[in-house]
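Structural description and commentary
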Amino acid sequence: MTGFPRYAIYYTPAADAALTVFGASLLGYDAWTARERGFPEGVLDAAPDWGDLTTDARKYGFHATLKAPFNLVETRPEAELRDACAAFAAVPRAVPIIRPVVDAISGFIAVIPGEASHTLQDLAADCVRAFEPFRAPMTAEDRARRKPELLSARQRDHLDRWGYPYVMEDLRFHMTLTCRLSDDRRGPILGMLRDRFAALSLTSLPIDRIALFRQPSASSRFSIIDSWPITGR
């Protein structure tokens, strides 16, 4: 994405939730306050380069993607996008509840669902469709950055249709904690993060809100500008 600001519709727990504190402290950045945080005690002892391992994830804040970062269509102002977020959240729907686990996905470590959830897939697909009218078309540079030659045919279709390859059937719901790790680093770090996550005793997680994130410039991080609880039914 070459233009700014960029926006994204993400899931993230409430500002005071234990999972938010867990994720924000590990990333060293709280997207709710747009402020840096110190890493938890002992993390730098286990991985002295922890700051480097979380650089990319820190840029986006602790979240799971529902509508990937996009530039706004020139005729759709931010205020209209915020109104659309409120309207989306107000529609009664089944609220997905997942069993969160810490595991590796494509080489990096994240909080992911322990099992597939059709309700979660439906929520994410609805979100992708609902906010598509706000997304400015991709540039050729944007498309090339996604490395379409490495994607499946269906993922390339998603990229061209929705601006992001991992949507609909290819959804990979995850809350990133690290960059992609080498095989020799992944095991010990995964064990450390699982131990820390276990201390939360979090056996179920309702995906019960959406948040609007904004990145003002290429040198800035994403932060939350508003959030809305999803109306359950």
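Being a predicted model, the structure only gives us computed values, none of them experimental.

Reading the values: rules and limits
Residues numbered from 1 in each chain as written. Predicted model: local features only at pLDDT ≥ 70, side-chain atom pairs only at ≥ 80, totals over all residues. Heavy atoms only, no water. Core = buried A, V, L, I, M, F, W, Y, C linked by side-chain atoms within 4.5 Å. Buried < 20%, exposed > 50% of the residue type's maximum accessible area, 1.4 Å probe, protein only. Axes fitted to C-alpha atoms, helices over the stretch in contact; angles between N-to-C directions. Helix = DSSP H or I, 4+ residues; strand = E, 2+ residues; numbered from the N terminus. Parallel < 35°, antiparallel > 145°, perpendicular 65-115°, else oblique. Left-handed = near helix turned anticlockwise from the far one by under 90°. Contact = heavy atoms within 4.5 Å. Polar contact = N/O pair within 3.5 Å; in protein donor to acceptor, adjacent residues only side chain to side chain. Phe/Tyr/Trp six-rings, centres within 6.5 Å; stacked < 30°, edge-to-face > 60°. 1 Å grid on protein atoms, 1.4 Å probe; cavity = no way out; pocket = protein on both sides within 12 Å on 5 of 7 lines; lining within 4 Å. Points joined across faces, edges and corners; volume = space filled by probe spheres on them. Nonpolar A, V, L, I, M, F, W, Y, C, P; charged D, E, K, R; others polar. Disulfide = S-S within 2.5 Å. Pairing = 2+ DSSP bridges. Expected span 1.5 Å × (residues − 1).

Let us look at the nonpolar core. Core analysis: the largest hydrophobic core is formed by 48 residues, its most contacted members being W50, L81, F131, L193 and I210. Core analysis: the second largest hydrophobic core is formed by eight residues, Y10, F213, F222 and I224 among them.

Our next topic: the packing of helix α1 (residues 18-27) against helix α9 (residues 183-198). Two elements in contact, α1 and α9, have axes whose closest approach is 11 Å; the angle formed by their N-to-C orientations is 150°. In terms of orientation, α1 and α9 fall into the roughly antiparallel class. Every pair of crossing elements has a handedness; the one defined by α1 and α9 is right-handed. From α1, L19, F22 and L26 reach across to α9, where they touch L193, R196 and F197.

Residue placement: S227 occurs in strand β11 (residues 223-229). A distance of 3.1 Å separates the side chain of S227 from the side chain of R209, its partner in a polar contact. If we skip the residues at most four places from it in the chain, S227 touches W32, R209, I210 and A211.

Moving on to the packing of aromatic side chains. All told, the structure shown has eight aromatic pairs when counted by the stated rule. Taking the centre distance of 6.5 Å and the plane angle of 45° together, the rings of F131 and F134 count as tilted. In this pair, the class of F131 matches that of F134, namely buried. When the ring of Y164 is compared with that of Y166, the centres are 5.8 Å apart and the planes differ by 85°; the resulting orientation is edge-to-face. Residue Y164 is classed as buried on the basis of its relative accessible area of 15%.

Approximately 1200 Å³ is the volume attributed to the largest pocket. Lining the largest pocket are 43 residues, with Y60, F108, R146, Y164 and H174 sitting closest to its centre. Those elements that place two or more of their residues in the lining of the largest pocket are β1 (6-11), α4 (55-60), β4 (64-70), α6 (118-130) and α7 (140-145). Taken together, the residues of the lining of the largest pocket break down into 23 nonpolar, 10 polar and 10 charged. Taken as a whole, the second largest pocket holds about 190 Å³ of empty space.

Such a bond, covalent and formed between the sulfur atoms of two cysteines, is termed a disulfide. By the definition in use, this model includes zero disulfides. Here C85 is not cross-linked by a disulfide; its sulfur's nearest cysteine counterpart is in C127, at 7.4 Å.

A large share of β11 lies buried, amounting to five of its seven residues. Note: strand β10 (residues 209-215) against β11, six bridges, orientation antiparallel. Looking at the pairing, I210 lines up with W228 of β11.

Turning to α6, a few remarks are in order. For α6, spanning 13 residues, the distance from its first C-alpha to its last is 18 Å, which sits close to the expected 18 Å at 1.5 Å a residue. For α6, the set of buried residues is L120, L123, A124, A125, C127 and V128. Turning to α6, the residues buried within the fold contact β1, β4, α5 (78-90), β5 (97-98), β7 (108-113) and α8 (153-162).

The next subject is unusual backbone geometry. Geometrically, the link from F4 to P5 is a cis peptide bond, its omega value of 0° lying close to zero. Note on placement: P5 falls in the segment before β1. At M168, a position not held by glycine, the phi torsion is positive, near 55°. With respect to the element layout, M168 can be found in the loop between α8 and β8 (175-176). By relative accessible area, M168 is classed as buried at 13%. A positive phi angle, close to 55°, is found at S201, a residue other than glycine. As for its placement among the helices and strands, S201 is situated in the loop between α9 and β9 (205-206). Its relative accessible area of 59% is what places S201 among the exposed residues.

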